Amino acid sequence: MTTSTSNAVVALSTPSLEGREREYLNQAIDSTWVSSDGPFVTRFEEDVARCIGARHAVAMVNGTAALHMALVVGGVTRDDFVLMPPLTFIASANAVKYCGADPVFVDVEEESWNLDPGKVERFCREECRVEDGRVIERASGRRVAAIMMVDVLGHPANADPLMEIARRYGLWLVEDACEALGSRYGGRAAGRLGSVGAFSFNGNKIVTAGGAGMVVTDNEAVARRARHLSRQARQAGPEYIHDAIGYNYRLTNVCAAVGVAQMELLDQFLKRKLVIARRYREAFAEMPGVVCMPEAPWAESNQWLFSILLPEDRRDGPTHLVEYLSRAGIEARRLWRPLHMLSSYASDRCDGVPIAEALYRHAVSLPSSVHLSEPDQHRVIDAVRTFLGSGEL
Ligand SMILES: *Cc1c(COP(=O)(O)O)cnc(C)c1O
């Protein structure tokens, strides 16, 4: 395991390129296959599909593009609504907007910090009517086309009841599994819990390709459509004939080479994430009022980014803790500001999201890189303990 010296800054989540990345990159360069298409792209797709047990994986340039395609292939289009949590990285909602659709923010549950199936069901039942098999939001007359669940911080959403609601109402269910590679729900791999899933291989995720995304599904027609649209909708054959307005969302062979090398490390990285999470949980169990991110009984999280809730009485605690840790050479971050609180989403429909707002008020994410050394982790834990004991407000 790589160890960083104890006076260097302890990073929040940085990549560990300790496998065959350089070797595969050299192969890609020697082969001159550096652009989109190439053997590493296919191999990367096969590796991800095999890893999660999906029939199909389609490589994309990043996770945001994968989410966009996952919505488009489900027929999400102009003026549609997509039910989704506000407590997520902004890319989840931006992908909805790229379709010309709008999010409706529905609250999360404390048990998982993910979309609350009961509140999604309530919205469909009380705020919508079903007309010719379509779900129509009563106040606006607009169609609800899809639900997007997000496996926040690596912890899978409560997928079974959400799938049941999606089935009952005929809604497309997208799983934003960008943070959740290697996580499981019951016996099933994250990414396979809805109609279609999306992964990210950005530098801060559990494994990286530099940048990449993946659409995963068991449905062959969906996979074919995602591949087609993400490759400029070009028909097979020698000529440039395009049958739709597509996108250039293809992954390059150079990035895929890094992705393939990283996939070889995934099992090892998952084990290290568990060790890091266990150490944090043990330490914080002894600090009164500190609540660790949840582990629902049905979830096996990859523990991607370890986060805690500070005691209720610490007003502005998260901002102060992040500043305090920064002065101690430790990088920490508040959880995302809920999207309905951002100017670009302030006018979107919000179903009342008190849990998401409360989590945001108290949550801080702590260093969680797979190369985080034990001494550095103890530095983080000691600093949090000192902060809490200081009564600093
Ligand atoms: C990282 C992330 C994305 C976007 O992935 P990129 O590869 O950065 O485009 C989307 N949703 C969530 C929840 C993410 O964490």
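Rules used in this analysis
- Residues numbered from 1 in each chain as written.
- Predicted model: local features only at pLDDT ≥ 70, side-chain atom pairs only at ≥ 80, totals over all residues.
- Heavy atoms only, no water.
- Pairing = 2+ DSSP bridges.
- Helix = DSSP H or I, 4+ residues; strand = E, 2+ residues; numbered from the N terminus.
- Contact = heavy atoms within 4.5 Å.
- Axes fitted to C-alpha atoms, helices over the stretch in contact; angles between N-to-C directions.
- pLDDT = per-residue confidence, 0-100.
- Near = heavy atom within 4 Å.
- Polar contact = N/O pair within 3.5 Å; in protein donor to acceptor, adjacent residues only side chain to side chain.
- Areas by Shrake-Rupley, 256 points an atom, 1.4 Å probe, with all protein chains shown as cover.
- Salt bridge = Lys/Arg side-chain N within 4 Å of Asp/Glu carboxyl O.
- Buried < 20%, exposed > 50% of the residue type's maximum accessible area, 1.4 Å probe, protein only.
- Core = buried A, V, L, I, M, F, W, Y, C linked by side-chain atoms within 4.5 Å.

1. Considering the sheet that holds strand 14 (residues 307–309)
For step 1, the next point in the chain: Strand order in the open sheet formed by 4 strands is 12-14-17-15, and the pairing between neighbours is antiparallel. Of all strands in the sheet, those bounded by a partner on one side alone are strand 12 (291–292) and strand 15 (333–334).
For step 2, the next point in the chain: Examined bridge by bridge, strand 14 and strand 17 (residues 363–365) share 3 bridges and lie antiparallel to one another. Residue isoleucine 308 lies in a different strand from strand 17, and its bridge partner there is valine 364.
For step 3, the next point in the chain: Where helix 11 (residues 354–362) meets the sheet, its contacts fall on strand 14, strand 15 and strand 17, and the angle it forms with strand 17 comes to roughly 55°.

2. Some remarks on the confidence of the model for the protein chain
For step 1, the next point in the chain: Mean pLDDT over the protein chain stands at 95; residues scoring 70 or higher make up 97%.
For step 2, the next point in the chain: Low pLDDT, under 50, characterises residues 1–5; the stretch is placed with 10 contacts to residues that sit more than four places away or in other chains.

3. Re the site of the ligand
For step 1, the next point in the chain: Around the ligand, the structure places 16 residues, and the nearest of them are Gly63, Thr64, Glu179, Ser200 and Lys205.
For step 2, the next point in the chain: A distance of 2.4 Å is found between an oxygen atom of the ligand and a side-chain nitrogen or oxygen belonging to glutamate 179.
For step 3, the next point in the chain: Here an oxygen atom of the ligand and a side-chain polar atom of lysine 205 are 3.3 Å apart.
For step 4, the next point in the chain: Coverage of the ligand by the protein amounts to 92% of the 380 Å² it exposes when considered alone.
For step 5, the next point in the chain: Listing elements by their share of the shell around the ligand, those giving two or more residues are helix 3 (63–72) and helix 4 (90–98).
For step 6, the next point in the chain: If you tally residues by element for the shell around the ligand, the top one is helix 3, at 3 residues.

4. Examining the pattern of salt bridges
For step 1, the next point in the chain: Here the structure, examined in full by the defined rule, presents 30 salt bridges.
For step 2, the next point in the chain: Here arginine 231 and glutamate 45 are joined by a salt bridge, their closest N and O atoms 3.9 Å apart. Linking arginine 231 in the loop between helix 7 (220–230) and helix 8 (253–263) with glutamate 45 in helix 2 (residues 39–52), this pair joins segments that are 186 residues apart in sequence.
For step 3, the next point in the chain: A salt bridge links arginine 122 to glutamate 126, with the nearest nitrogen and oxygen atoms 2.8 Å apart. Highlighted residues: arginine 122 and glutamate 126, both in helix 5 (residues 117–127), separated by 4 residues, approximately one helical turn.
For step 4, the next point in the chain: Its relative accessible area of 40% is what places glutamate 126 among the partly exposed residues.
For step 5, the next point in the chain: By sharing partners, the salt bridges in this structure join Glu121, Arg122, Arg125, Glu126, Glu127, Glu137, Glu164, Arg168, Arg349 and Asp351 into a single network.

5. Details of the nonpolar core
For step 1, the next point in the chain: Core analysis: the largest hydrophobic core is formed by 114 residues, its most contacted members being Phe44, Phe201, Phe284, Leu366 and Val384.
For step 2, the next point in the chain: The element contributing the most residues to this core is helix 9 (residues 266–285), with 8 residues.
For step 3, the next point in the chain: The residues touching valine 384, leaving out its near neighbours within four places in the chain, are Phe284, Met287, Ile308, Leu321, Leu325 and Leu366.
For step 4, the next point in the chain: Core analysis: the next-biggest nonpolar cluster, separate from the first, contains 26 residues, Phe81, Val106, Cys124 and Leu171 among them.

6. Description of the sheet that holds strand 13 (residues 299–300)
For step 1, the next point in the chain: Across the sheet, which stays open at both edges, the 3 strands sit in the order 9-8-13 with antiparallel pairing between neighbours. On the outer flanks of this sheet lie strand 9 (188–189) and strand 13, each paired with one strand and no other.
For step 2, the next point in the chain: With 2 bridges connecting them, strand 8 (residues 184–185) and strand 13 associate as antiparallel partners. Bridge assignment links arginine 184 to a residue of strand 13, and that residue is glutamate 300.

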